[in-house]
Amino acid sequence: FFFFFFFGTSEGLGRRHLSWPYILIGLNVLAFMLQGFMGDKLTMMGAKVNRAIAEGQFYRLLTSMFLHGSLGHLLVNSLSTYSIGPSVESWFGKKRFIALYLFSGFCGNLMSFYFLPQPSIGASGAVFGLLGALAFFLLRHRGLIRGSERNLTRFAYVIAINFAMVGSSTH
């Protein structure tokens, strides 16, 4: 029961199955707890550190999206994923959702590697990839999807929260 409550499920084809947004939130929470137990060691092992990536540690382009610098940082990325993730997953499908999340996070970290010399952590690149896909989908199909306005309102809320966090130097 706890596993399904914590990670969430969705109904599909008459059976319960795990939903990727909740699994990803759970993985981020687990990684944050491990960061707390291990101190800076785990963070430094998985953060986007340009020199380490240039020396061949390419895994950092993915691992850094599961690490967070503060509880507020974790909460904002988790709330964003919770808010828009289920809609994106239901419209795009499970495989496309997880591919979009991971690819967006990877590309965000790759751009950070090329344009920002500072180390970084967080799932913001993945979250903004979901936002972009959701915005495109809703705008393209706004006449066909009931509740488009509600989803676009959620979209604006997630963007505002993320920009507020970026402005407060959490990322």
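Preceding block: the structure.
So, a few notes on the structure that sits alongside this text. (Residues numbered from 1 in each chain as written. Predicted model: local features only at pLDDT ≥ 70, side-chain atom pairs only at ≥ 80, totals over all residues. Heavy atoms only, no water.)

1. Focus on the overall build of the protein
A count of helices and strands for the protein gives 9 helices and 2 strands. Listed N to C, the secondary structure of the protein is α-β-β-α-α-α-α-α-α-α-α in terms of helices and strands. For the protein, with 171 residues in total, the buried portion stands at 43%. Of all intrachain contacts in the protein linking residues separated by at least 6 positions in sequence, the fraction that spans at least 24 positions is 68%. For the protein, the computed accessible surface area is about 9,900 Å², with 70% contributed by carbon and sulfur atoms. (Helix = DSSP H or I, 4+ residues; strand = E, 2+ residues; numbered from the N terminus. Buried < 20%, exposed > 50% of the residue type's maximum accessible area, 1.4 Å probe, protein only. Contact = heavy atoms within 4.5 Å. Areas by Shrake-Rupley, 256 points an atom, 1.4 Å probe, with all protein chains shown as cover.)

2. Structural notes on the packing of aromatic side chains
By the definition in use, this model includes 5 aromatic pairs. Taken together, a centroid distance of 5.3 Å and an interplanar angle of 25° make the contact between Trp91 and Phe137 stacked. With Trp91 in helix α6 (residues 71-92) and Phe137 in helix α8 (residues 124-140), the pair connects residues that are 46 residues apart, well separated along the chain. In this structure Phe137 comes out as buried when scored by relative accessible area, which is 17%. (Phe/Tyr/Trp six-rings, centres within 6.5 Å; stacked < 30°, edge-to-face > 60°.)

3. Describing the pattern of salt bridges
Across all of its chains, the model carries 1 salt bridge by this definition. For Lys94, the salt bridge identified is with Glu89, shortest N-O distance 3.0 Å. (Salt bridge = Lys/Arg side-chain N within 4 Å of Asp/Glu carboxyl O.)

4. Some details on helix α7 (residues 94-115)
Along its 22 residues, α7 runs 31 Å from first to last C-alpha, staying within 8% of the 32 Å computed at 1.5 Å per residue. Among the residues of α7, those classed as buried are Phe97, Ile98, Tyr101, Ser104, Gly105, Asn109, Ser112 and Phe113. The inward-facing, buried residues of α7 abut α2 (20-38), α4 (50-54), α5 (60-63), α6 and α8. (Expected span 1.5 Å × (residues − 1).)

5. Re the nonpolar core
Within the largest apolar cluster, 16 residues are counted, with the highest numbers of intra-cluster contacts made by Leu24, Ile84, Tyr101 and Leu130. Secondary-structure elements contributing two or more residues to this core are α6, α7 and α8. Tallying contributions element by element places α8 first for this core, with 6 residues. With residues near it in sequence (within four places) discarded, Leu130 still touches Ile84, Val88, Phe97, Leu100, Tyr101 and Ser104. Residues Leu42, Ala47, Val49 and Ile121 belong to the second largest nonpolar core, which totals 7 residues. (Core = buried A, V, L, I, M, F, W, Y, C linked by side-chain atoms within 4.5 Å.)

6. Details of α8
Its 17 residues give α8 an end-to-end C-alpha distance of 24 Å, which sits within 8% of 24 Å, the value for a rise of 1.5 Å per residue. For α8, the full list of buried residues reads Ser124, Ala126, Val127, Gly129, Leu130, Leu131, Ala133, Leu134, Ala135, Phe137 and Leu138.

7. A short note on the packing of α7 against α8
With their axes 7 Å apart at the nearest point, α7 and α8 run at an angle of 125° to one another. If you check the angle between α7 and α8, you find them oblique. Both α7 and α8 take part in a crossing whose hand is right-handed. Where α7 approaches α8, its residues Phe97, Leu100, Tyr101, Ser104 and Gly105 are matched on the opposing element by Gly125, Ala126, Gly129, Leu130 and Ala133. (Axes fitted to C-alpha atoms, helices over the stretch in contact; angles between N-to-C directions. Parallel < 35°, antiparallel > 145°, perpendicular 65-115°, else oblique. Left-handed = near helix turned anticlockwise from the far one by under 90°.)

Shape is all these values report; function is a separate question.
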